Structure formats: structure tokens, C-alpha cells
Amino acid sequence: MIRIPNIKVKIDDEKSLKKEILKKLRVGEDRLKSYKIAKKSIDARKKDQIYFVYTIDAQVLDEEKILAKMKNKGINKTPDEKYIYPDKGKKNLGKRPVIVGTGPSGIFAGLILAQMGYNPLLLERGKSIEDRVKDINEFWKTGKLNVESNVQFGEGGAGTFSDGKLTTLTKDPRGRKVLEEFASHGAPEEILYINKPHIGTDILRRVLINIRKTIIELGGEFRFNSKLTDLVIEDGQIEGIIVNEDERLDTDILLLALGHSARDTFDMIYKRNLEIKQKAFSIGVRIEHPQEMIDRVQYGKFAGNPNLGAAEYKLSGHFENGRSAYTFCMCPGGEVIGASSEEGGIVTNGMSYHKRNKENANSALLVGVSPADFEDDHPLAGIDFQRKWEKLAFKSGGGDYIAPAQLLGDFLAGRPSKEFGRIKPSYTPNIRLTDLSESLPDYVIETLKLALVEFDKKLHGFADKDAILTGVETRSSSPIRIQRDEKHESNIKGIYPLGEGAGYAGGIMSAAVDGIRIAEQIVRD
């Protein structure tokens with residue numbers, strides 16, 4: 001097949017795609033045997049006419065002649081994107097590998113190991129998706145928090161209750177394997193080619209259950225409600241683990257896919273002398289606007305066109321106070337959710353269903369913080385920093401996991417909010433209008449104010465006085481990095497830190513790719 005880039009088609013004229021392919025190739029219809037979409041994106045730079053831009057893989061007659069004729073037109077042979085499994089090493093694996101955590105990195109490490117016959121054991125401190133959903137819905141409805149089964153802990157990790165974004169800045173070819181596995185386990189086929197793929201929390205839950213079933217069919221095992229509570233280390237080598245305080249499991253290969261909120265486990269592994277360093281992350285708020293407004297600004301007269309779906313945005317800036325701010329995990333047509341995992345702390349996040357058809361758009365509006373902002377140089381000081389502001393937000397909200405919120409106009413003016421404007425909040429269990437300066441550092445408040453004014457210049461309406469800011473968002477990424485060497489091994493032989501919690505990823509895709517990378521290393525050894 002040959003790959004044809006940059007084919008533009010009007011958004012309401014997708015039937016002309018075949019015609020445009022023939023025009024690009026300069027051949028008749030009889031020469032085109034078949035074609036499929038390799039990539040699809042939206043070009044909305046000119047609001048008077050929005051286009052879909054395609055890259056197409058086509059099967060044609062006289063392929064070599066066409067390639068020779070079009071060699072200066074960017075048309076080339078379709079690259080082979082098939083995933084290649086690593087060769088197995090020569091060392092004996094006496095005990096099966098154990099994976100702690102079933103977020104994206106743990107799941108995909110487990111899937112690769114299972115596909116190659118290594119029968120991994122996957123341990124999860126939280127519950128299966130089926131049971132986890134019940135606990136989370138109960139929390140959102142009543143404010144009753146289960147500290148072991150929530151948005152942070154349980155099968156699939158924190159990303160299960162998100163927009164299910166599958167974008168990443170990395171160009172790692174393993175990303176294709178991740179997308180193909182998601183698609184083969186029930187995700188929409190379009191994730192293989194659209195520019196900004198997402199699954200949505202509703203479909204992602206079903207997909208993860210299907211991947212679990214595949215791993216089990218291949219000889220792997222899942223154990224839920226199984227919390228890692230200690231390590232058994234002898235002469236600098238992992239020999240086993242303790243689960244739920246009293247059960248020993250022997251292993252010489254341990255994958256730590258802990259997630260960014262496993263604070264008690266971070267404390268335990270630090271005491272067992274795993275090398276941990278502080279890491280920069282970000283904190284801030286969730287901001288909500290009407291999705292209709294975002295559509296109108298991004299798509300002009302084409303806003304609401306069903307072929308386009310809900311519009312997205314991504315904004316960033318560096319400001320005169322030396323700080324940076326940016327939007328993160330934007331959820332079109334979504335909702336702001338309670339994502340606490342500890343008693344007495346408020347944590348917010350965002351979530352969308354696949355259809356993205358809720359009334360509001362939301363995203364995290366975050367300010368970068370670094371170890372210089374923490375109160376001491378202890379490796380776990382970033383956790384204390386997060387916890388401090390989560391507890392202050394809980395207090396500001398009045399307890400019962402009611403989140404503090406403020407209208408954007410009042411936030412800029414430095415006054416507490418008293419009543420809602422035309423935009424209604426989506427956060428559950430509930431919110432309390434107040435002054436967010438009680439819940440965030442002064443320099444974060446200052447930077448957010450600078451960002452709101454600047455971002456409004458890029459996305460007119462972003463600084464709408466009725467937009468709602470809900471606090472606080474503190475779990476943008478892990479506050480630590482568990483050190484690993486060039487073979488991805490920690491300073492304790494046989495322990496492999498991976499994924500977002502270990503400080504090596506930032507989202508579903510990059511975490512899944514890191515999981516594959518670690519599994520490959522174990523296979524090679």
C-alpha cells in the first residue's frame with residue numbers, strides 16, 4: 001500500500017474523499033483497489049470553511065510506477081507499524097512476575113507478559129471496575145468516601161474516570177500497539193486514526209474489563225483488594241512481598257505500577273530504601289464554561305455540526321512572575337468530579353463520556369510548582385505539599401467533601417462569590433461558593449489571574465465572569481520519581497518502577513507505553 005498525506009475535504013462533503021484521493025494520485029477509478037484512513041484531523045484555522053485533513057493508505061495497481069511518479073509529492077510506501085515482540089532472554093525465571101497496580105502501565109505490562117507466556121500476577125489495592133463504580137457513585141451521591149476504592153484506586157487507575165484521552169507527545173511506536181489493543185478490546189475503531197483520540201469513561205470501563213479477561217485467558221491472574229504493605233529484600237534483591245499485612249508472596253521480579261496517589265506505599269518503599277527523588281508537578285483548579293461557547297469560538301458558524309463533535313482547547317503561557325500556567329485534561333461536554341482518596345481532603349478531576357454531550361466543558365487550570373516550593377528537601381515533601389492544600393480546600397468547602405468554588409469574575413476581583421451566574425456547576429457531591437485564595441498558595445492565585453487574562457486573548461470568552469472555578473486540583477502528576485537505571489531497574493535488584501506514579505509518564509498513553517517498555521526489558525532478560 002502507499003500512504004497519501006494532506007487530503008483536504010470539507011466537513012460536510014466527506015463523500016468526496018475518494019474523488020480527492022484519485023485527484024492526488026492522478027489516476028482513474030479503475031486503478032484504486034481499496035483505501036483506508038491512516039490519520040484524520042480537523043483544520044479549523046479559517047472559520048469560514050473548516051476541513052477534515054486525511055492521510056490515506058491506498059492499495060493501487062502499478063504501485064511502484066505511481067510511487068516513482070509521486071516521489072516528490074510526499075507519497076511513499078505505507079510504513080510497517082506492526083508491533084514486534086522482543087526476543088526472550090536466557091535467564092531462568094524461577095517465579096512469576098508480580099505487578100502492583102492495574103492502571104495503564106500495569107495493565108499493559110501485564111498484557112505483554114501474558115501474551116509472551118509469563119503468567120503475571122496483577123495485584124490491585126482497590127476493587128474491580130464493576131465494584132469500584134458502585135463505591136464512586138456512592139461517594140459522588142452522599143460524600144461517603146471509601147479510601148481504598150475511589151477515583152484514584154481500583155482497576156484501571158485514575159484514568160478510568162476521565163475523558164479517556166489517548167494523546168501523547170511521545171512518538172514511541174509502541175503507542176500504535178496500545179491503540180490496537182484498545183480497539184481490539186472494544187474501543188471505537190476511529191481511535192486508530194483520528195488526531196486526538198479519546199474513548200470516554202463509559203467505553204473505557206468496558207474495554208478494561210475485556211483486557212482483564214484476555215490476560216486471565218492467557219494465564220495471568222488478577223487479585224483485587226490486595227494491597228502491597230511491605231517488601232522482602234535480601235542482599236539488595238527482591239525476594240518477595242507482603243500483601244494486606246500478613247500474606248507473603250515470593251517473587252524475584254516486581255513491577256511497581258503504583259499510580260500517583262499511593263502515598264502510603266510511597267512511604268513504605270522509601271523506608272525500604274528504594275531511591276526516590278522529588279519531582280515538579282502542578283496544582284490549581286477546574287474551570288467550567290458552557291460547551292456551546294467553546295464550540296462557537298473554535299468552530300464559528302460550524303459550531304454544533306455533528307461531524308465535528310464537541311470542541312477542545314489547549315492553552316499555556318509563561319508570565320512575568322516567573323511562573324507558568326496551562327490547561328490540562330480538557331473534558332469537552334464533561335463534568336467536574338470528586339477524586340479524593342484520603343479522609344479530609346478535596347481533590348478534583350474531570351471526566352467525559354464518549355458522546356461528550358453534557359452542557360459544560362471543563363479543564364484543569366494549573367500552575368507549575370517545583371521542589372523549591374516545598375517546605376523541606378525530604379524526598380516525599382511534595383506529598384505533604386499536596387496534602388496541605390487538599391485539607392485547606394476541605395475546610396474551605398465546609399466538610400463532607402463539598403468543594404470550594406468561585407466565579408471567575410469574583411476571583412479576578414479578589415472577592416468571595418455569593419451566587420451563581422448563568423453557568424451551573426457539575427461537581428458532585430456539592431460545592432460551596434467562597435474565596436479560593438483560602439485553598440491555594442498566593443503565587444498560584446497570582447499566576448492563575450495572569451493566565452485567565454492572557455488566555456482570554458487566545459480563546460475569547462475564557463475569562464467569562466460567570467465561569468466557575470472549583471478547587472483544588474493537586475494530582476496532575478506524581479510528586480516523586482522512583483529512580484531507575486538504563487535497564488529500568490531500581491536500586492533494589494528485580495524491582496522495576498513504571499508509569500505515572502513512578503514519575504515516568506503523564507496520561508493513559510504514555511503510561512501504557514512505559515508499561516510495554518518495562519515488560520519488554522523483563523522478557524529480554
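Everything that follows concerns the structure shown earlier in this document.
Residues numbered from 1 in each chain as written. Predicted model: local features only at pLDDT ≥ 70, side-chain atom pairs only at ≥ 80, totals over all residues. Heavy atoms only, no water.

Draft legend 1. Quick look at the sheet that holds strand β7 (residues 221-223). Strand order across the open sheet formed by 5 strands is β7-β6-β5-β11-β22, with parallel pairing between neighbours. The open sheet terminates on both sides in strands that have one partner only, identified here as β7 and β22 (495-497). Across this sheet, the average inter-strand angle for adjacent strands is 20°, counted without regard to direction. Note: strand β6 (residues 121-123) against β7, 3 bridges, orientation parallel. The partner of Leu121 across the bridge, within β7, is Glu221. Running at roughly 165° to strand β5 (residues 98-100), helix α3 (residues 104-115) makes contact with β5, β6, β7 and β11 (254-256) of the sheet. Most of the contacts of helix α12 (residues 508-524) go to β22, to which it runs at about 155°, and overall it touches β11 and β22. (Pairing = 2+ DSSP bridges. Helix = DSSP H or I, 4+ residues; strand = E, 2+ residues; numbered from the N terminus. Axes fitted to C-alpha atoms, helices over the stretch in contact; angles between N-to-C directions. Contact = heavy atoms within 4.5 Å.)

Draft legend 2. The arrangement of the pattern of salt bridges in detail. Here the structure, examined in full by the defined rule, presents 52 salt bridges. Residues Glu81 and Arg3 are paired through a salt bridge, measuring 3.7 Å at the closest nitrogen-oxygen approach. Remark: Arg3 occurs in strand β1 (residues 2-10) and Glu81 occurs in the loop between β4 (76-77) and β5; sequence separation between them is 78 residues. Note on Arg3: relative accessible area 15%, which makes it buried. Across the pair Arg31 and Asp62 runs a salt bridge whose closest N-O atoms are separated by 3.4 Å. Of the two residues, Arg31 is situated in the loop between α1 (17-25) and β2 (32-43) and Asp62 in the loop between β3 (51-60) and α2 (63-69); the sequence distance between them amounts to 31 residues. For Arg31, a relative accessible area of 24% gives the class partly exposed. Asp62 gets classed as partly exposed once you look at its relative accessible area, which sits at 40%. Via salt bridges that share partners, Asp172, Arg174, Arg484, Asp514, Arg517, Glu520 and Arg524 belong to a single interconnected network. (Salt bridge = Lys/Arg side-chain N within 4 Å of Asp/Glu carboxyl O. Buried < 20%, exposed > 50% of the residue type's maximum accessible area, 1.4 Å probe, protein only.)

Draft legend 3. Quick peek at unusual backbone geometry. Following Thr428, the chain continues to Pro429 via a peptide bond in cis, the omega torsion being 15°. Tracing the backbone through its elements, the reader meets Pro429 in the loop between α10 (408-413) and β19 (430-433). Cis peptide bonds are those with omega within 30 degrees of zero, and the linkage from Gly471 to Val472 qualifies with -5°. Mapped onto the fold, Val472 is located in strand β20 (residues 468-473). Look at Asn225: it is not a glycine, yet its phi comes out positive at around 50°. Looking at Asn225, the relative accessible area reads 46%, which means it is partly exposed. Even without glycine at this site, His488 takes up a positive phi of about 70°. Considering the arrangement of structural elements, one finds His488 in the loop between β21 (480-482) and β22.

Draft legend 4. Structural view of the side chain of Lys165. Relative to the elements of secondary structure, Lys165 occurs in the loop between α4 (129-142) and α5 (174-184). Polar contacts involving the side chain of Lys165 include one to the main-chain carbonyl oxygen of Met330, which spans 2.3 Å. Apart from the residues lying within four places of it in its own chain, the contact partners of Lys165 are Pro197, His198, Glu312, Cys329, Met330, Cys331, Pro332, Arg356 and Ile508. (Polar contact = N/O pair within 3.5 Å; in protein donor to acceptor, adjacent residues only side chain to side chain.)

Draft legend 5. Spotlight on α1. Where α1 is concerned, the buried positions are Leu17, Ile21, Leu22 and Leu25. Seen end-on, α1 carries its buried residues on one side only, within an arc spanning 140°. Along α1, exposed side chains directed more than 90 degrees from the buried face belong to Lys19 and Lys23. Next to the buried residues of α1 lie β1, β2, β3 and α2. Once α1 finishes, Arg26 follows within two positions and takes phi at roughly 60°, a positive value. (Arc of directions from axis to C-beta.)

Draft legend 6. Representation of the state of the cysteines within the structure. According to the stated counting rule, one finds 0 disulfides in the structure shown. Summary of cysteine pairing: Cys329 is not part of a disulfide, and the nearest cysteine sulfur, belonging to Cys331, is at 4.3 Å. (Disulfide = S-S within 2.5 Å.)

Draft legend 7. Inspection of the packing of aromatic side chains at higher detail. All chains considered together, the criterion is met by 15 aromatic pairs. Centroid distance Phe139 to Tyr401: 5.3 Å. Interplanar angle 75°. Geometry classified as edge-to-face. With Phe139 in helix α4 and Tyr401 in the loop between α9 (381-397) and β18 (402-407), this pair connects stretches of sequence that are 262 residues apart. Residue classification places Phe139 among the buried positions, given a relative accessible area of 4%. Take Tyr401: its relative accessible area is 5%, and that puts it in the buried class. Seen in terms of ring centroids, Phe374 and Phe385 are 5.4 Å apart; in terms of plane orientation they differ by 45°. Their pairing is tilted. Linking Phe374 in the loop between β17 (360-369) and α9 with Phe385 in helix α9, this pair joins segments that are 11 residues apart in sequence. (Phe/Tyr/Trp six-rings, centres within 6.5 Å; stacked < 30°, edge-to-face > 60°.)

Draft legend 8. Spotlight on a positive patch on the surface. A cluster of basic residues, Lys24, Arg26, Lys69 and Lys73, forms a positive patch on the protein surface. In this fold, Arg26 is placed in the loop between α1 and β2. (Patch = residues over 30% accessible without salt bridge, like charges linked within 9 Å, V, L, I, M, F, W, Y side chains within 5 Å. Areas by Shrake-Rupley, 256 points an atom, 1.4 Å probe, with all protein chains shown as cover. Lys, Arg positive; Asp, Glu negative; His and termini not counted. Charge placed at Lys NZ, Arg CZ, Asp CG, Glu CD.)

Draft legend 9. Geometry of the packing of α3 against helix α6 (residues 201-217). As a packed pair, α3 and α6 sit with axes 9 Å apart at the nearest point and diverge in direction by 35°. Taken as a pair, α3 and α6 cross one another with a handedness that is left-handed. Judged by residue contacts, Ile107, Phe108, Gly110, Leu111 and Ala114 of α3 engage Ile211, Thr214 and Ile215 from α6. Looking at side-chain class alone, the contact of α3 with α6 contains 6 nonpolar, 2 polar and no charged residues. (Left-handed = near helix turned anticlockwise from the far one by under 90°. Nonpolar A, V, L, I, M, F, W, Y, C, P; charged D, E, K, R; others polar.)

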